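If you want the building blocks of each chain, they are given just below.
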Amino acid sequence: MELTTRQQEIKDQFIAAGGSWSDGWETVLRIDPDFVAAYLGMHNVPRRKGHLSDKFRELVHISVNAAATHLYIPGIRPHIKAALDHGATPAEILEVLELAATVGIHSMNIGVPLLVEVLEERGRTGPAPLTEYQERLKAEFTRVRGYWHDFWNEMLELDPEMFEAYLEFSGVPWRNGPLSPAEKELIYISYDIAATHLYVPGTKLHIRNALNHGATVGQVLEVMEIASLIGIQAVETAMPMLAAELTARSTTS
């Protein structure tokens, strides 16, 4: 069945906006064109406001989709392609992935304070003074990463070996990476605020750091707008299955 004039207009606008058209989207368009138009309006908000470059917007999409807390594999390659098309270098894309790889440390950021709470229930009477080794690690972290936050205190006290290893691991992009400090902090925000993670302490910290490094409020909001779009992946994942099922039924009826 031919698309109506309005359906074809929506499809053309979707493709022009950089959307990846599929049988699933074709099915959604035929069943509920209003929904496709409404999603397109939301998708276009960060593109229309333009606080981020086209290239960096695609880097944010890569971060959100590739982070271990989300791992939406169908979304990674199209945004890598788009980032390259907009002039991103392999080193910039790799740095985004290196930054996203630090999400795993949140197990320690959340778990160690819980361990301390249990230890306090069992009689712990406060933190031990830092050794010279621990003080050196704290100073090095502050120098390399450009900040210190209290949620590192207990990990540094109780597990300095892991803290040192994480300092080296997380510091690689800060020593060698091509992205600016503000851009790095915006990437951290992108996966911390994603609906599949919502790591509140990290989001607030990296907002503060990003602004301190010169990011604008508009840029921070645009990163959040991009992260908020992952909800559409419920449709993108399930609709091809519906389309396939409808096709199978039409051929057997």
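Calculation rules
- Residues numbered from 1 in each chain as written.
- Predicted model: local features only at pLDDT ≥ 70, side-chain atom pairs only at ≥ 80, totals over all residues.
- Heavy atoms only, no water.
- Phe/Tyr/Trp six-rings, centres within 6.5 Å; stacked < 30°, edge-to-face > 60°.
- Buried < 20%, exposed > 50% of the residue type's maximum accessible area, 1.4 Å probe, protein only.
- Lys NZ or Arg CZ within 6 Å of the ring centre and 35° of its normal.
- Core = buried A, V, L, I, M, F, W, Y, C linked by side-chain atoms within 4.5 Å.
- Helix = DSSP H or I, 4+ residues; strand = E, 2+ residues; numbered from the N terminus.
- Expected span 1.5 Å × (residues − 1).
- Arc of directions from axis to C-beta.
- Contact = heavy atoms within 4.5 Å.

Peer 1: Is there a simple way to think about the packing of aromatic side chains in this case?
Peer 2: Geometry of an aromatic ring pair is reported as the spacing of the ring centres plus the angle between the planes. Scanning all chains against the criterion turns up 13 aromatic pairs. For the ring pair phenylalanine 151 and tryptophan 152, a centre distance of 5.3 Å and an interplane angle of 70° mean the geometry is edge-to-face. Comparing phenylalanine 151 with tryptophan 152, the two get one shared label, buried. Connected via pairs of aromatic rings, a cluster forms that spans Phe141, Tyr147, Trp148, Phe151, Trp152, Phe163 and Tyr166. Positioned above the aromatic ring of tryptophan 174 is the side chain of lysine 184, whose terminal nitrogen or guanidinium carbon lies 5.5 Å from the ring centre.

Peer 1: Before we go on, may I ask you to explain the nonpolar core in this structure?
Peer 2: Generally speaking, nonpolar side chains in soluble globular proteins are found buried as a group. In this structure, Leu59, Val60, Trp152, Leu186 and Ile187 are the most contacted members of the largest nonpolar core, which totals 47 residues. When residues in this core are grouped by element, the largest group, 6 residues, is from helix H11 (residues 181-192).

Peer 1: Explain helix H12 (residues 200-212) to me, please; I cannot follow it from the model alone.
Peer 2: Since the α-helix turns once every 3.6 residues, residues separated by three or four places project in the same direction. Taking 1.5 Å as the rise per residue, H12 with 13 residues should run 18 Å; its terminal C-alpha atoms sit 18 Å apart, in good agreement. Burial in H12 covers these residues: Gly202, Thr203, Leu205, His206, Asn209 and Ala210. Down the axis of H12, the sector holding all buried residues measures 165°, keeping them to one side. Seen from the open side of H12, the exposed residues pointing more than 90 degrees away from its buried face are Val200, Lys204 and Asn212. In this structure, the buried side of H12 is in contact with helix H8 (132-145) and H11.

Peer 1: How should the side chain of glutamine 134 be read in this particular structure?
Peer 2: Tracing the sequence through the fold places glutamine 134 in helix H8. Since its relative accessible area comes to 6%, glutamine 134 is described here as buried. When sequence neighbours within four positions are dropped, the list of residues in contact with glutamine 134 reads Pro129, Leu156, Glu157 and Pro160.

Peer 1: Just checking my understanding: could you explain helix H7 (residues 106-121) for this structure?
Peer 2: Look at H7: 23 Å from first C-alpha to last across 16 residues, which is about the 22 Å you get at 1.5 Å a residue. Among all positions in H7, only His106, Met108, Asn109, Val112 and Val116 are buried. Those residues of H7 that are buried are in contact with helix H9 (153-158), helix H10 (160-176) and H11. Backbone geometry just downstream of H7 places glycine 123 in the positive-phi region, at approximately 115°.

Such coordinate-based values are descriptive only and should not be taken to indicate function.
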